Amino acid sequence: MRYSTEKETRISHQLKSLGICSASDLSYENLCTVFNIDIHYHDGQSKCIFEDDYALIFLDNRLPYYEQRRVFFHELAHYLYHYGNQRKMPKPLLSLQEEQASYISLYLAMPRHIFEPALLKYESVESLQEVFELPKDMIVDRCNSLKRQRHRKVIQTKLQYKQLKHRRKREYK
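A quick note: this is a predicted structure, and the numbers were derived from the prediction, not measured. (Residues numbered from 1 in each chain as written. Predicted model: local features only at pLDDT ≥ 70, side-chain atom pairs only at ≥ 80, totals over all residues. Heavy atoms only, no water.)

Draft legend 1. Molecular detail of the nonpolar core. Phe-35, Phe-72, Phe-73, Leu-76, Leu-108, Met-110 and Phe-132 are the most contacted members of the largest nonpolar core, which totals 37 residues. Mapped by element, the contributors of at least two residues to this core are helix H1 (6-17), helix H2 (28-35), strand S3 (55-60), helix H3 (65-81), helix H4 (91-109), helix H5 (112-121), helix H6 (125-132) and helix H7 (136-172). Ranked by residues supplied to this core, first place goes to H3 with seven residues. Those residues in contact with Phe-35 that lie beyond four places of it in its chain are Gln-14, Leu-15, Leu-18, Ile-20, Leu-76, Tyr-79 and Leu-80. (Core = buried A, V, L, I, M, F, W, Y, C linked by side-chain atoms within 4.5 Å. Buried < 20%, exposed > 50% of the residue type's maximum accessible area, 1.4 Å probe, protein only. Helix = DSSP H or I, 4+ residues; strand = E, 2+ residues; numbered from the N terminus. Contact = heavy atoms within 4.5 Å.)

Draft legend 2. Representation of H1. Compared with an ideal rise of 1.5 Å per residue, which puts 12 residues at 16 Å, H1 spans 16 Å between its outermost C-alpha atoms and is within 8% of the ideal. Taken as a whole, H1 has its buried residues at Glu-8, Ile-11, Ser-12 and Leu-15. Along the axis of H1, the buried positions cluster into a sector of 100°, meaning they face one direction only. Within H1, the exposed residues directed more than 90 degrees away from the buried face are Glu-6 and Ser-17. Directly after H1, the chain includes Gly-19, whose backbone phi takes a positive value near 85°. (Expected span 1.5 Å × (residues − 1). Arc of directions from axis to C-beta.)

What follows is the structure, given as structure tokens:
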């Protein structure tokens, strides 16, 4: 987890502490039990209604299964990390929460402690899709987030080295 963000690290630790340590632990049944969630399938817009210790996630049963999983993790992100009634909040805050839920859903659906080993084992996006039961673009987004984190770390390391080198030059003058 050398390259992960603080939010990603916290999510990964939380999931590990709850016994979520493999892709099979990311099933609806397990997550609903762990987080005290009920799922209701209906012909309509997906949404989540929640209180502090309980959530009801409505999933559109017309969506393909992998798409339902994307929506589930998006709504799970709202339940775990957001507060307030979105129908009553200002549009900029609503937009912020939606964007946050999209990123957090990647961490929840493919936690680093599960995803990185799977990434080494299953080298194709299609294989990862089957393992995590998620849409292809979600798998690609998660891979790209890991690449960006590694790239930031490389840049940070080069900058630190440059600063250290500069500091040593000043000390010898």
